[in-house]
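What follows is the residue order along each chain.
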Amino acid sequence: MKIFEFIRPANSAAAITTAAQAKTAQQGAEVRFIAGGTTLVDLMKLNVETPSRVLDLNRLPLDQIEVTPEGGLKIGATVRNSTLANHPAVRRDYAVLSQAILNGASAQLRNMATTAGNLLQRTRCMYFRDPAMPCNKRAPGTGCPALAGSNRMLAVLGTSENCIATNPSDMCVAMAALEATIHVQSQKGARAIAFKDFHLLPGNTPQRETVLEPGDLITHVVLPPPIPGSKQVYLKLRDRASYEFALSSAAVVINVTGQNISRARIALGGVGTKPWRSPEAEAALVGQPADKALFRKAAEAAMRDAKPQSENGFKIELTKRCLAHALQTAVAT
Ligand SMILES: Cc1cc2nc3c(=O)[nH]c(=O)nc-3n(C[C@H](O)[C@H](O)[C@H](O)COP(=O)(O)OP(=O)(O)OC[C@H]3O[C@@H](n4cnc5c(N)ncnc54)[C@H](O)[C@@H]3O)c2cc1C
Ligand code: SF4
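The rules behind the values
Residues numbered from 1 in each chain as written. Chains lettered and ligands numbered in written order. Predicted model: local features only at pLDDT ≥ 70, side-chain atom pairs only at ≥ 80, totals over all residues. Heavy atoms only, no water. Helix = DSSP H or I, 4+ residues; strand = E, 2+ residues; numbered from the N terminus. Rg over C-alpha atoms; globule rule 2.2 N^0.38 Å. Buried < 20%, exposed > 50% of the residue type's maximum accessible area, 1.4 Å probe, protein only. Areas by Shrake-Rupley, 256 points an atom, 1.4 Å probe, with all protein chains shown as cover. Lys, Arg positive; Asp, Glu negative; His and termini not counted. Charge placed at Lys NZ, Arg CZ, Asp CG, Glu CD. Near = heavy atom within 4 Å. Polar contact = N/O pair within 3.5 Å; in protein donor to acceptor, adjacent residues only side chain to side chain. Nonpolar A, V, L, I, M, F, W, Y, C, P; charged D, E, K, R; others polar. Pairing = 2+ DSSP bridges. Contact = heavy atoms within 4.5 Å. Axes fitted to C-alpha atoms, helices over the stretch in contact; angles between N-to-C directions.

Chemist: Sorry, what's going on with the overall build of the protein chain here?
Modeler: Within the protein chain, the regular secondary structure consists of twelve helices and twelve strands. A compact globule built from 333 residues should have a C-alpha radius of gyration of about 20 Å, and the protein chain, at 19 Å, falls within 12% of that. For the C-alpha atoms alone, the extent of the protein chain along its principal axes is close to 60 × 50 × 35 Å. Classification of the 333 residues of the protein chain by burial places 52% in the buried group. Accessible surface for the protein chain amounts to roughly 14200 Å². Of this, 54% is attributable to carbon and sulfur atoms. In the protein chain, 38 positive and 26 negative side-chain charges are present, and the distance between their average locations comes to 2 Å.

This is the structure:
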């Protein structure tokens, strides 16, 4: 690991001023915030991330969960994943988020991992994590060995000829379905970013994963007020029962009025280059009778544009079944 300076900024303004001196907030940033450290320290040990300055956010007052004046939930950037998953309001009103977080990593990791850190966790693509290998995301222009190599865990939605890496987060899939908003503070002021606009598709610039710029500090995430009567399920399919990333997952937030689905928010994990909201599945569901045939139709719609690689074609049918089963489970609750 490269020698680096570890700094404990006195307040958010000091952290932002120092971080703004970096040339980028994306791959290879010279200044990095650290929260739980469960992503960053791993990548520093592997020499995938080599910041010269690391700014510890853990003393900043960003660790509260509060009800907003509109009745939503404001979640501080350094709220631990375990605290968030077990918060009574989250368990009651945003069950899909609680389930998603508790399906991720291990209890020890969730006790360290934070809300903002989880938003910014990096792909588990093996080539990205090995500096001896080419990788367009880590070293732009060097190529993508995953295209002709090991791609079983990688994405089938949102890929480009430059990168097919999966976004591995469980929490983000639930936040996409809940239509969260990410709040950022920078030297230019505060701004709010809709969840769907926060992560970027790889396109020609896979090294750029989010809209963040140097000096951007995520301060909190806001969930909209709970949807009365909504049925929520997170279903994660993986190679083993715990401590494993998703092959496929589905976050479902639906309302059923009479026999019909009256509202649907659907997101998928383990298959997209970003947390994957599916307006196609939502459109297929709304206004239709909630039955098995409809759930299959919605799942087909969600995966219509999926593009398999040499080893991960199985994910397409797996995800259809995952989403259909999650919908079936939701209506049965
Ligand atoms: C063995 C293992 C298994 C795992 N399994 C799963 C799993 O099954 N599902 C899953 O979803 N996740 C899994 N994870 C990932 C884990 O959820 C993430 O590592 C964790 O959420 C990252 O949070 P952190 O606070 O530790 O981030 P850090 O490592 O502290 O930071 C991550 C990134 O976020 C940036 N950052 C942090 N806070 C801010 C902020 N406020 N503003 C701007 N930038 C910020 C940092 O600069 C860094 O670039 C696993 C991790 C490990 C090590
Ligand atoms: S899929 Fe993306 S992260 Fe993986 S090797 Fe290719 S460019 Fe790198």
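Chemist: Which parts of the structure should I look at to understand the site of ligand 1?
Modeler: In the vicinity of ligand 1, 33 residues are found, and the nearest of them are F33, T38, T39, T114 and D170. Within the backbone of G36, a nitrogen or oxygen atom sits 2.9 Å from an oxygen atom of ligand 1. In isolation ligand 1 exposes 980 Å². Once the protein is present, 94% of that is buried. Counting only elements with at least two residues in the shell around ligand 1, the list comes to β2 (31-34), α2 (40-45), α7 (115-119) and β8 (217-223). Counted by class, the shell around ligand 1 contains 16 nonpolar, eleven polar and six charged residues.

Chemist: How should the sheet that holds strand β12 (residues 276-277) be read in this particular structure?
Modeler: Adjacent strands of a sheet pair through backbone hydrogen bonds, lying either parallel or antiparallel. Pairing is antiparallel across the open sheet formed by four strands, whose spatial order is β9-β10-β11-β12. Looking at strand neighbours, the two that pair on one side only are β9 (231-237) and β12, the edges of this open sheet. In terms of strand pairing, strand β11 (residues 260-269) meets β12 through two bridges, oriented antiparallel. Among the inter-strand pairings, A267 is bridged to a residue of β12, identified as R277. Each of β9 and β10 (248-257) touches helix α5 (residues 95-102); the most contacted strand, β9, lies at about 15 degrees to it. Where helix α12 (residues 314-332) meets the sheet, its contacts fall on β9, β10 and β11, and the angle it forms with β10 comes to roughly 35 degrees.

Chemist: I'm lost on the pairing of strand β5 (residues 73-76) in this one. Help?
Modeler: In summary, the side chains of a regular strand alternate between the two faces of the sheet. With three bridges joining them, strand β4 (residues 65-67) and β5 adopt antiparallel strand pairing. Bridge pairing links I65 to I75 in β5. Hairpin connection between β4 and β5: a loop of five residues separates the two successive antiparallel strands, and G71 in this loop has a positive phi of roughly 95 degrees. Here β5 pairs with β8 via four bridges, running antiparallel. Within β8, the position partnered with G76 by the bridge is H220.

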